[in-house]
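# Breakdown of the fold
Spelled out from the first residue to the last, the chains are:
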Amino acid sequence: HLYRYYWSSGNRLKDFELDFVTGGGIIWLSVQPNDWKEAASDAYLPIIDELCGVVKELAPAQVMITVGHEPDRHCTICDIHPEETFGTIQDYNAMGKNFRNRFAENRVRNVVWIMNFAGTQDPVMFQKIVIPMWAGDGVVEWLFFNQFQLGGHMDQGGGPLVGGVERTYSNFETYSAPGHNFKAVPWGLGAWAINHKNEHC
């Protein structure tokens with residue numbers, strides 16, 4: 001069983017969530033800084049330290065962590081949601097490195113690093129955004145992507161939900177290569193939703 005928790009500074013897990021972990025459940029902490037450059041700086045270290053403490057307290061349970069979910073729709077070169085831009089690809093990569101380095105300095109041993117993409121379907125945009133955002137082979141331990149059917153049309157593609165999943169899945173398979181070896185790690189569907197009755201999806 002997997003439970004996703006959208007963590008931010010000041011948040012503590014509730015008793016039922018702690019019980020879920022001690023009972024053998026897997027918790028996924030999703031962290032979403034809205035200023036990647038700031039989150040890549042030393043000024044953000046107290047918040048990262050706070051997250052380190054949350055994860056350490058859950059040991060020996062392994063804790064999945066995403067730093068910046070759906071980065072392919074929040075970077076400056078993505079024009080789908082310009083009002084939700086958090087930084088450049090370089091800012092995103094520096095942010096991830098800042099988190100990982102701080103976790104290592106704090107000797108947090110029970111973290112599992114995952115990446116959760118928005119499900120970019122267009123092959124050109126996939127190569128332009130997703131590939132350079134990959135944190136690195138041997139760094140990413142799980143790959144998740146999201147897929148939503150919005151307004152009767154798939155984001156970035158149109159058509160039924162299954163078609164969007166297939167296009168995204170195909171991109172990760174087609175463009176997997178050394179340096180961004182997507183096929184070397186397990187995959188999961190992070191979130192999904194439809195806007196039609198089941199027979200239309």
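Scroll up to find the structure.
Read on for an overview of the structure. (Residues numbered from 1 in each chain as written. Predicted model: local features only at pLDDT ≥ 70, side-chain atom pairs only at ≥ 80, totals over all residues. Heavy atoms only, no water.)

## Some details on the overall build of the chain
Of the regular secondary structure elements, the chain holds 6 helices and 7 strands. Each helix and strand of the chain, placed in order from N terminus to C terminus, yields the pattern β-α-β-α-α-β-α-β-α-β-β-α-β. Long-range contacts, defined as pairs at least 24 residues apart, comprise 76% of the intrachain contacts of the chain with a sequence gap of at least 6. Within the structure as shown, the chain displays about 10,000 Å² of accessible surface, and the carbon and sulfur contribution to it stands at 53%. (Helix = DSSP H or I, 4+ residues; strand = E, 2+ residues; numbered from the N terminus. Contact = heavy atoms within 4.5 Å. Areas by Shrake-Rupley, 256 points an atom, 1.4 Å probe, with all protein chains shown as cover.)

## What to know about helix α5 (residues 123-133)
Every buried residue of α5 is accounted for by Phe 126, Ile 129, Val 130, Ile 131 and Met 133. Of the residues flanking the start of α5, the one acting as N-cap is Asp 122, its side-chain oxygen 3.1 Å from the backbone nitrogen of Val 124. (Buried < 20%, exposed > 50% of the residue type's maximum accessible area, 1.4 Å probe, protein only. Polar contact = N/O pair within 3.5 Å; in protein donor to acceptor, adjacent residues only side chain to side chain.)

## Thoughts on helix α3 (residues 45-57)
The end-to-end C-alpha distance of α3, which contains 13 residues, comes to 18 Å, matching closely the 18 Å that a straight helix rising 1.5 Å per residue would cover. Within α3, the full set of buried residues consists of Leu 45, Ile 48, Leu 51, Cys 52, Val 54 and Val 55. (Expected span 1.5 Å × (residues − 1).)

## Some points on the nonpolar core
Grouped burial of nonpolar side chains is what soluble globular proteins tend to show. Residues Leu 29, Leu 51, Ile 65, Phe 99 and Phe 103 are the most contacted members of the largest nonpolar core, which totals 46 residues. Sorting elements by how many residues they give to this core places α3 first, with 6 residues. Those residues in contact with Leu 51 that lie beyond four places of it in its chain are Trp 7, Leu 29, Val 31, Ile 65, Phe 99 and Phe 103. Listed in part, the 5 residues of the second largest apolar core include Trp 28, Met 64, Ile 114 and Phe 144. (Core = buried A, V, L, I, M, F, W, Y, C linked by side-chain atoms within 4.5 Å.)

## Thoughts on the layout of surface pockets
Put simply, the largest pocket is a space of about 160 Å³. Broken down by secondary-structure element, the contributors of at least two residues to the lining of the largest pocket are β3 (63-67), α4 (89-105) and β4 (111-117). When residues in the lining of the largest pocket are grouped by element, the largest group, 4 residues, is from α4. When the residues that make up the lining of the largest pocket are grouped by side-chain class, the tally is 10 nonpolar, 2 polar and 1 charged. (1 Å grid on protein atoms, 1.4 Å probe; cavity = no way out; pocket = protein on both sides within 12 Å on 5 of 7 lines; lining within 4 Å. Points joined across faces, edges and corners; volume = space filled by probe spheres on them. Nonpolar A, V, L, I, M, F, W, Y, C, P; charged D, E, K, R; others polar.)

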